[in-house]
Amino acid sequence: QVQLVESGGGLVQPGGSLRLSCAASGNIFVVYGMRWHRQAPGKQRELVAAITRGGSTNYQDSVKSRFTISKDNAKRMVYLQMNSLKPEDTAVYYCNADIVRIGTMKSFEYWGQGTQVTVSS
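Overview of the structure. Starting from 1, residues in each chain are numbered consecutively following that chain's sequence as written. For a predicted model such as this one, the threshold for reporting local features is a pLDDT of at least 70, and the threshold for listing and counting side-chain atom pairs is 80 or more; totals across whole chains, interfaces and linings nevertheless cover every residue. Note that the side-chain values use all heavy atoms of the structure and ignore hydrogens as well as water.

### Observations regarding the sheet that holds strand β3 (residues 18-26)
Strands qualify as paired when DSSP identifies two bridges or more between them. The helix and strand labels rest on DSSP assignments: H or I over at least four residues marks a helix, E over at least two residues marks a strand, and numbering proceeds from the N terminus. Taken in spatial order, the four strands make up an open sheet running β1-β3-β8-β7, and their pairing is antiparallel. Strand pairing shows two members of the sheet lacking a second neighbour, β1 (2-7) and β7 (67-72), which therefore form its edges. Adjacent strand axes in the sheet meet at a mean angle of 15 degrees, parallel and antiparallel pairs treated alike. Lines are fitted to the C-alpha atoms to define the axes, a helix being fitted only along its stretch in contact, and any angle between axes, read from their N-to-C directions, falls within 0 to 180 degrees.

As structure tokens, then:
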């Protein structure tokens, strides 16, 4: 059994910062790619940032230069540092990862439950 749990969301004013964390736990052999998505009410879920096990990163244009994704392979955690937040960033943020379970050879995509980020004055 594998679980992903996000934390760090909350209410912030425009221009503020938040740091989201996501911890993977359970019957894990190795964690490969890790990603952050977000979904606002009534809108399509979108990919925000991604990072490979080797450390290569990619961002959506709307958050590039403001957000930074990072990870700790040993701790099996992924982070999203969000600076200069805008009201448009308001959404539920989800982490997900490609994980190989102990005793298997195939990776599966796992999702966390999400954490709410609200940017408002």
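### Here's the deal with the side chain of aspartate 89
With respect to the secondary-structure elements, aspartate 89 resides in the loop between β8 (77-82) and β9 (91-101). Aspartate 89 gets classed as buried once you look at its relative accessible area, which sits at 2%. Should any heavy atoms of two residues lie within 4.5 Å, those residues are considered in contact. If near-sequence neighbours (up to four positions away) are discounted, aspartate 89 is found in contact with Arg38, Val63, Arg66, Phe67, Ser84, Val117 and Val119. Using a 1.4 Å probe on the protein chains alone, a residue whose accessible area is under 20% of its type maximum counts as buried, one over 50% counts as exposed, and one in between counts as partly exposed.

### Section: the pairing of strand β10 (residues 107-111)
The side chains of a regular strand alternate between the sheet's two faces. Across five bridges, the pairing between β9 and β10 is antiparallel. In the strand pairing of β10, valine 100 is matched with serine 107. Linking β9 to β10, which pair antiparallel, is a turn of five residues; within it glycine 103 sits at a positive phi near 90 degrees.

### Some words on the pairing of β9
Across the eleven residues of β9, nine count as buried, placing the element largely inside the fold. Where strand β4 (residues 28-39) meets β9, nine bridges bridge the pair, whose relative direction is antiparallel. The residue bridging methionine 34 from the neighbouring strand is alanine 97, located in β9.

### Some remarks on the nonpolar core
Nonpolar core, defined: a set of buried Ala, Val, Leu, Ile, Met, Phe, Trp, Tyr and Cys residues in which side-chain atoms within 4.5 Å join the residues together. One finds Trp36, Leu80, Met82, Tyr93 and Ile99 to be the most contacted residues of the largest nonpolar core, which totals 30 residues. Sorting the residues of this core by element identifies β1, β3, β4, β5 (46-51), β7, β8, β9 and β11 (115-119) as the ones contributing at least two each. Here this core takes five residues from β9, the largest share from any one element. Leucine 80 has contacts with Leu18, Arg19, Leu20, Trp36, Val48, Ala49, Phe67, Thr68, Ile69 and Tyr93, leaving out every residue within four places of it along the chain.

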